[in-house]
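Per-entry structural report
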Amino acid sequence: MEHSRRSLAGVSSNLEADLTTICWAAKDRHTLHRNIVLIEISSAQALEALNNPHWFPGLSNTIEHTLQALNFFQNCYVEVVNVDTNRGAQKIAVSVTKDRRFQSYIARGGPSWLTDTILVDAANSPSTYSR
């Protein structure tokens, strides 16, 4: 329904980037007045950090901000999926680095160059979340 892109700077690890991205995505959903949110991620370590923040003391601020953002919602689900499950998200991420598309945005629908991929991904989603 919506998609977004953001370039990250000043992060020290992939895990910090994953958590920062989850936080940003949650805040974006909140600005769109969503009450029920499903966030699919490909980082099992990020979910582990959210569930057990004391195991990651070096990222306590990032984890705290992310958990606060996730608590905006009436219902929020964070689900780990295989990166191949969401090829659209992967293509958007690659477009940031490969095509140097550093402008952040959130938009309804998808970019025209991803229409076919989005439709296939939506049809093949393993999620049981009601759309």
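Reference entry: report on the structure contained in this document. Only a predicted model underlies this, so the values are computations on that prediction, with no experimental measurement involved.

The biggest cluster of nonpolar side chains holds 17 residues, and the ones touching the most others in it are Leu 15, Leu 19, Ile 22, Ile 39 and Ile 63. Per element, the largest residue contribution to this core is five residues, and it comes from helix α1 (residues 14–31). Other than its neighbours up to four places away in sequence, Leu 15 contacts Gln 45, Ala 46, Ala 49, Phe 56 and Leu 59.

Along helix α3 (residues 60–70), the residues classified as buried are Thr 62, Ile 63, Thr 66, Ala 69 and Leu 70. Seen end-on, α3 carries its buried residues on one side only, within an arc spanning 125 degrees. On its buried face, α3 sits against α1, β2 (36–41), α2 (44–51) and β3 (75–80).

The next point concerns α2. Helical geometry note: an α-helix holds 3.6 residues per turn, so side chains three or four residues apart project in the same direction. Those residues of α2 that fall on the buried side of the exposure criterion are Ala 46, Ala 49 and Leu 50. Take α2 and look down its axis: the buried residues cluster within an arc of 100 degrees, on one side only. In this fold, the buried residues of α2 make contact with α1, β2 and α3.

Checked against the element boundaries, Ser 42 lands in the loop between β2 and α2. When the C-alpha atoms of Ser 42 and Val 81 are compared, they prove to be 5.2 Å apart, with 39 residues separating the residues in sequence. The contacts of Ser 42, once residues within four sequence positions are left out, are Val 80, Val 81 and Val 83.

About the cut-offs
- Residues numbered from 1 in each chain as written.
- Predicted model: local features only at pLDDT ≥ 70, side-chain atom pairs only at ≥ 80, totals over all residues.
- Heavy atoms only, no water.
- Core = buried A, V, L, I, M, F, W, Y, C linked by side-chain atoms within 4.5 Å.
- Buried < 20%, exposed > 50% of the residue type's maximum accessible area, 1.4 Å probe, protein only.
- Helix = DSSP H or I, 4+ residues; strand = E, 2+ residues; numbered from the N terminus.
- Contact = heavy atoms within 4.5 Å.
- Arc of directions from axis to C-beta.

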